[in-house]
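Descriptive structure summary
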Amino acid sequence: YMGTILYYENQIEEAISFLKVSEKYFPANNKKRALAFEYMSECHLKLNEYEEAVECFKEHIKIISCCNSLSNDISKKKIRLGELYYLAGKFNMALETFSEMPGSVINNYEVWNNIGTVLWGLGDIEGALYCIKQSLEMNPGYEEAILNVRRIEMAVSGIKDESTYC
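Okay, so let's go over this structure. (Residues numbered from 1 in each chain as written. Predicted model: local features only at pLDDT ≥ 70, side-chain atom pairs only at ≥ 80, totals over all residues. Heavy atoms only, no water.)

1. Points about the packing of aromatic side chains
Quick reminder of the rule: Each Phe, Tyr or Trp ring (for Trp, its six-membered ring) is paired with any other whose centre lies within 6.5 Å, and the angle between the two planes then decides the class: stacked below 30 degrees, edge-to-face above 60, tilted in between. Per the convention used, a helix needs a DSSP run of H or I reaching at least four residues, while a strand needs a run of E reaching at least two, with both numbered from the N terminus. With a 1.4 Å probe rolled over the protein chains alone, any residue whose accessible area is under 20% of its type maximum counts as buried; one over 50% counts as exposed, and the rest are partly exposed.
A complete count under the given rule lists three aromatic pairs for this structure. With a centroid separation of 4.7 Å and an interplanar angle of 75°, the aromatic rings of tyrosine 109 and tyrosine 142 are classed as edge-to-face. Separated by 33 residues along the polypeptide, tyrosine 109 in helix α8 (residues 109-121) and tyrosine 142 in the loop between α9 (125-138) and α10 (143-157) bring together distant segments of the chain. When its relative accessible area of 28% is taken as the criterion, tyrosine 109 is described as partly exposed.

Below, the structure is given as structure tokens:
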């Protein structure tokens, strides 16, 4: 619990140290181990240590995947893993993770927006716009997708200053 408290007190380096030690030396049930890795991932994310965040979150998913009582939200966890891959600059891994989503999740506007963002990072502008517009068809008011379409259109048009974009 101390690692979690330190996380919420924004003492990120101390939280990571404590979570590593507690995960390694104190026997805990799978739920507590999974939470330790999830918090370590979030700590690394706050420190812009994206690859470490990915590795901790992968361990988190591995633990919860083995436990039926913990795996009820595995799809949401995989969406998060895809986002972390994206932040780490591992666009192909992000795309692979999002592409492995079950059909029910693929009908999720956030997933379509995420796939579009990854495709944009890979330079596939047409694919990116298609996916982000799919997101907007599912949720026309989704601000993140609206902003992403605008950013892509500005980039394609060579506009750097949003105030000059109509």
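Now that the structure has been shown, we can carry on.
2. Some remarks on α9
Let me state the cut-off plainly: Take the number of residues in a helix, subtract one, and multiply by 1.5 Å to get its expected span. Whether two residues are in contact is decided by their heavy atoms, any of which lying within 4.5 Å being enough.
The terminal C-alpha atoms of α9 lie 20 Å apart, and with 14 residues this matches the ideal 20 Å at 1.5 Å per residue to within 8%. Within the span of α9, buried status applies to Gly127, Ala128, Leu129, Cys131, Ile132, Gln134, Ser135 and Leu136. Lining the buried residues of α9 we find α8 and α10.

3. Overview of the packing of helix α3 (residues 30-46) against helix α4 (residues 50-65)
Under the convention used in this document: Axis angles are defined between N-to-C directions and span 0 to 180 degrees, where every axis is a line fitted to C-alpha atoms and, for a helix, only to the segment in contact. With respect to orientation, any angle under 35 degrees is reported as roughly parallel, any angle over 145 as roughly antiparallel, any angle of 65 to 115 as roughly perpendicular, and every other angle as oblique. Handedness of a crossing follows from how the near helix is turned relative to the far one, being left-handed for an anticlockwise turn of less than a right angle and right-handed for a clockwise one. By the convention adopted, Pro, Cys, Tyr, Trp, Phe, Met, Ile, Leu, Val and Ala count as nonpolar, Lys, Arg, Asp and Glu as charged, and the other residues, Gly among them, as polar.
Their axes nearest at 8 Å, the elements α3 and α4 cross at an angle of 165°. Judged by the inter-axis angle, α3 sits roughly antiparallel to α4. For α3 against α4, the interelement crossing comes out left-handed. Taken together, the residues of α4 that come into contact with α3 (itself represented by Asn30, Arg33, Ala34, Leu35, Phe37, Glu38, Met40, Ser41, His44 and Leu45) are Tyr50, Glu52, Ala53, Cys56, Phe57, Glu59, His60, Ile63 and Ile64. Classifying every residue of the contact of α3 with α4 by side-chain character gives 11 nonpolar, four polar and four charged.

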